[in-house]
Amino acid sequence: MRSFTKTTLSLATAGLLIAGLSACSTTADATAPAENSSSSSSEKATPKALASIPALSGVDTSVLLDADFAAALTSLGLTPGTVGTATLTDGSLHFPITGGNVDYYDPEEDYRPFVQGSIEHEGSGFSLTAGETTVELTNFTIDPGTSKLFGDVSVNGESAATQVLLFNLYGGTLKPLQMDGDNAILEGTTVHISAEAAGLLNDTFMTDAVADQLLVGIAKITVATK
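Source: prediction; values computed, not measured.

Calculation criteria
Residues numbered from 1 in each chain as written. Predicted model: local features only at pLDDT ≥ 70, side-chain atom pairs only at ≥ 80, totals over all residues. Heavy atoms only, no water. Helix = DSSP H or I, 4+ residues; strand = E, 2+ residues; numbered from the N terminus. Buried < 20%, exposed > 50% of the residue type's maximum accessible area, 1.4 Å probe, protein only. Contact = heavy atoms within 4.5 Å. pLDDT = per-residue confidence, 0-100. 1 Å grid on protein atoms, 1.4 Å probe; cavity = no way out; pocket = protein on both sides within 12 Å on 5 of 7 lines; lining within 4 Å. Points joined across faces, edges and corners; volume = space filled by probe spheres on them. Nonpolar A, V, L, I, M, F, W, Y, C, P; charged D, E, K, R; others polar. Phe/Tyr/Trp six-rings, centres within 6.5 Å; stacked < 30°, edge-to-face > 60°. Polar contact = N/O pair within 3.5 Å; in protein donor to acceptor, adjacent residues only side chain to side chain. Core = buried A, V, L, I, M, F, W, Y, C linked by side-chain atoms within 4.5 Å.

Trainee: Which parts of the structure should I look at to understand the overall build of the protein chain?
Mentor: Helix and strand counts for the protein chain stand at 3 helices and 13 strands. Counting only residues that meet the buried cut, the protein chain has 42% of its 226 residues in that class. Across the protein chain, the fraction of contacts at a sequence separation of at least 24, relative to all contacts at a separation of at least 6, is 63%.

Trainee: What's the story with the confidence of the model for the protein chain in this structure? I'm lost.
Mentor: When pLDDT is low, close inspection of the predicted coordinates is not appropriate. On average, residues of the protein chain score 82 in pLDDT, and 81% of them are at 70 or above. Between the elements of the protein chain, mean pLDDT differs from a low of 45, seen in helix 1 (residues 6–19), to a high of 97, seen in strand 5 (residues 92–96). A low-confidence stretch, residues 1–14 (pLDDT under 50), is modelled with 13 contacts involving residues beyond four sequence positions or located in other chains. Per-residue pLDDT stays below 50 along residues 25–42; that stretch engages in 28 contacts with residues further than four places along the chain or on separate chains.

Trainee: Please clarify how empty space enclosed by the protein should be interpreted in this entry.
Mentor: Vacant regions in the atomic arrangement are exposed by a probe of water-molecule size rolled over the atoms. The tally for this structure, following the rule as stated, stands at 5 cavities of 30 Å³ or more. Space inside the largest cavity adds up to approximately 160 Å³. Contributing elements (two or more residues each) for the lining of the largest cavity: strand 2 (59–65), strand 5, strand 7 (115–130), strand 8 (133–143), strand 10 (158–170), strand 12 (183–193) and strand 13 (215–224). Residues of the lining of the largest cavity, tallied by class, amount to 15 nonpolar, 3 polar and no charged.

Trainee: Is there a simple way to think about the packing of aromatic side chains in this case?
Mentor: The relative placement of two aromatic rings is captured by the distance of their centres and the angle of their planes. Counted according to the given criterion, the structure contains 5 aromatic pairs. Ring centres of Tyr105 and Tyr111 lie 4.8 Å apart, and the angle between their planes is 65 degrees; this geometry places the pair in the edge-to-face category. Residue classification places Tyr105 among the buried positions, given a relative accessible area of 8%. Summarising the aromatic geometry, the rings of Phe126 and Phe140 are spaced 6.3 Å apart at their centres and angled 55 degrees between planes, so their arrangement reads as tilted.

Trainee: Quick question: what am I supposed to make of helix 2 (residues 67–75) here?
Mentor: Residue pairs spaced three or four apart in an α-helix point in one direction, given the helix's 3.6 residues per turn. Between the side-chain oxygen of the N-cap and the backbone nitrogen of Asp68 there are 2.9 Å, and the N-cap of helix 2 in question is Asp66. Where helix 2 terminates, the next one or two residues include Gly77, which has phi positive at roughly 75 degrees.

Trainee: Explain the environment of Phe69 here, please?
Mentor: The residue Phe69 is located in helix 2 in this model. C-alpha separation for the pair Phe69 and Val210, spaced 141 residues apart in sequence, amounts to 9.7 Å. Every residue in contact with Phe69, bar those within four places of it in the chain, is listed here: Ile193, Leu214, Leu215 and Val216.

Trainee: Even after reading the chapter, I still don't get the nonpolar core, so can you show me in this structure?
Mentor: Inside soluble globular proteins, nonpolar side chains tend to come together where they are buried. By size, the foremost hydrophobic cluster in this structure holds 41 residues, and its most contacted members are Phe126, Leu137, Leu166, Phe167 and Ile193. Aside from chain neighbours lying at most four places away, what touches Leu137 is Ser124, Gly125, Phe126, Asp152, Val153, Leu166 and Phe167.

Trainee: Is there a simple way to explain the environment of Asp90 in this structure?
Mentor: Structurally, Asp90 can be placed in the loop between strand 4 (87–89) and strand 5. On the basis of relative accessibility, which here comes to 76%, the residue Asp90 falls in the exposed class. Here the alpha-carbon distance between Asp90 and Leu64, two residues 26 residues apart in the chain, equals 8.4 Å.

This is the structure:
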């Protein structure tokens, strides 16, 4: 494992978070690296990352639920709840970060996506219940290279989908990076229901009221830098 001094690690982490975790919420180029051809394999070789966080641990990703989203749930007769280690505090759902990694490449070069990795939230999620039907969305994985959030879906305890696209993330209102002790904080990413998740929820609850790209809320990502 590459070793960094405390100062170098902090700077590298900040750079990763600014251009990386914030990329979890932008419409930045999410095109996968081009496949190497036999005639240009040396040119297309994976470059050296400028900085890496090989093992993410703590703290959490929270989502402040949008008032219109909460109203939509009420109108549909859906009751939200938490699953596993998730918590609901002052209108915000909190999902502990349990693992993952991030690599940051020079954005001035052609290699894309220039931020790669994952942010994992195993063992937590939230539920939606109507009558005798409960849908649980759990085990979220954020892909910073594609600005997408994936997760598992179950209906009344039975698996319905595994690591399916649940939410799209956009960063037009993202605030500048903040530091709180050894924690780096990015706040302002908007979270929207994907077409896949909207279709699944509509089919399960027999409605057409869950719209593609419905705003769920504003995300806040807090990451321990050491």
